[in-house]
Amino acid sequence: SQQGEEDPQALSIQEGENATMNCSYKTSINNLQWYRQNSGRGLVHLILIRSNEREKHSGRLRVTLDTSKKSSSLLITASRAADTASYFCATDARGSNTGKLIFGQGTTLQVKP
Amino acid sequence: DTGVSQDPRHKITKRGQNVTFRCDPISEHNRLYWYRQTLGQGPEFLTYFQNEAQLEKSRLLSDRFSAERPKGSFSTLEIQRTEQGDSAMYLCASTQTVDEQYFGPGTRLTVT
């Protein structure tokens, strides 16, 4: 079963606009990661935020984490057509020493040129 | 290209047949994971290897599924007596730490 929910399930925006995706999870975590998946392909790691961090930036990506609400958000600024993909949050449960990831259901982002 | 390869990329098989998939991780990575992803869903954890030892298996991994990682290098995932419900993308990932995982392109299985 999935760890949590992602919201929205689908998002369609114009190139240049910002895209915000939200993720909620159920258990205490070591870290939360965001991955991107182009259609029919493998996943690519985007960014990792640890449980003691509240915000992290990487290029056009900004991730926030609220452990009290068990939620995270991913902001993509100045979106490009090449950002069209599915985006997944994944958590590494606290107390787990295997590093296995529990994924959300994903948000499908379409960026129109 | 993340450096993790999977073979084959696509497999079509008839119900009841056995299939085997292969994953070649990044060479220095001692941790290897298998996930399964169905259409419109996120990946679900199947099993985890540290070197050659299989240390965790999901309840999703029924007795028809078996995975190996001989000598801690490549890994194989075998499904016996395939069922239509096994149709999915099978993803392999490797890492040296408990942080970022490097995913292969996946093997898409279609059971007819």
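Here, the structure is the one placed above.
What counts and what doesn't
- Residues numbered from 1 in each chain as written.
- Chains lettered and ligands numbered in written order.
- Predicted model: local features only at pLDDT ≥ 70, side-chain atom pairs only at ≥ 80, totals over all residues.
- Heavy atoms only, no water.
- Helix = DSSP H or I, 4+ residues; strand = E, 2+ residues; numbered from the N terminus.
- Rg over C-alpha atoms; globule rule 2.2 N^0.38 Å.
- Buried < 20%, exposed > 50% of the residue type's maximum accessible area, 1.4 Å probe, protein only.
- Contact = heavy atoms within 4.5 Å.
- Pairing = 2+ DSSP bridges.
- Axes fitted to C-alpha atoms, helices over the stretch in contact; angles between N-to-C directions.
- 1 Å grid on protein atoms, 1.4 Å probe; cavity = no way out; pocket = protein on both sides within 12 Å on 5 of 7 lines; lining within 4 Å.
- Points joined across faces, edges and corners; volume = space filled by probe spheres on them.

A.B. asks: Give me the lowdown on the overall build of chain A, citing residues and values where you can.
C.D. replies: A tally of helices and strands in chain A yields zero helices and eleven strands. Helices and strands in chain A line up, N terminus first, as β-β-β-β-β-β-β-β-β-β-β. For 113 residues, the compact-globule estimate of 2.2 N^0.38 gives 13 Å, and the C-alpha radius of gyration of chain A, at 13 Å, lies within 12% of that figure. Principal-axis analysis of the C-alpha atoms places the extent of chain A at approximately 45 × 30 × 20 Å. With 113 residues in all, chain A has 47% of them scored as buried. When contacts within chain A are restricted to residue pairs at least 6 apart in sequence, long-range pairs at least 24 apart make up 56% of them.

A.B. asks: Describe the sheet that holds strand E8 (residues 75–79) of chain B, naming the residues involved and giving the relevant values.
C.D. replies: All names here are of chain B. What the four strands build is an open sheet, ordered E1-E3-E8-E7; its pairing is antiparallel. Strands with a single pairing partner mark the edges of an open sheet, and in this sheet they are strand E1 (5–7) and strand E7 (65–68). Going from strand to strand, the sheet's axes swing by 15° on average, the running direction of each strand aside. Here four bridges tie E7 to E8, and the two strands are oriented antiparallel to one another. Each residue of the ladder has a partner; that of Ser66, found in E8, is Glu78.

A.B. asks: Please set out the pairing of strand E3 (residues 19–24) of chain A residue by residue, giving values where relevant.
C.D. replies: Residue and element names in this part refer to chain A. Taking every second residue as pointing to the same face, the buried face of E3 carries Ala19, Met21 and Cys23, while none of Thr20, Asn22 and Ser24 on the other face is buried. Where strand E1 (residues 5–7) and E3 come together, three bridges link them in antiparallel fashion. Opposite Asp7, over in E3, you have Asn22 as the bridge partner. Direction of pairing for E3 relative to strand E8 (residues 71–76): antiparallel, over a ladder of six bridges. Its bridge partner being in E8, Ala19 is matched across the sheet by Ile76.

A.B. asks: Quick one: what's the story with the environment of B:Arg59, residue by residue and with numbers?
C.D. replies: Tracing the backbone shows B:Arg59 in the loop between strand E6 (53–57) and E7. Sequence separation of B:Arg59 and B:Thr2 is 57 residues, and the distance between their C-alpha atoms is 28 Å.

A.B. asks: Give me the lowdown on the layout of surface pockets, citing residues and values where you can.
C.D. replies: Taken as a whole, the largest pocket encloses approximately 440 Å³ of empty space. What lines the largest pocket is a set of 22 residues, among which A:Gln37, A:Ser86, A:Phe88, B:Gln37 and B:Gly40 lie closest to the centre. Among the elements of the structure, strand E9 (85–93) and strand E11 (107–112) of chain A are those that each provide at least two residues to the lining of the largest pocket. It is E11(A) that contributes the most residues to the lining of the largest pocket, four residues altogether.

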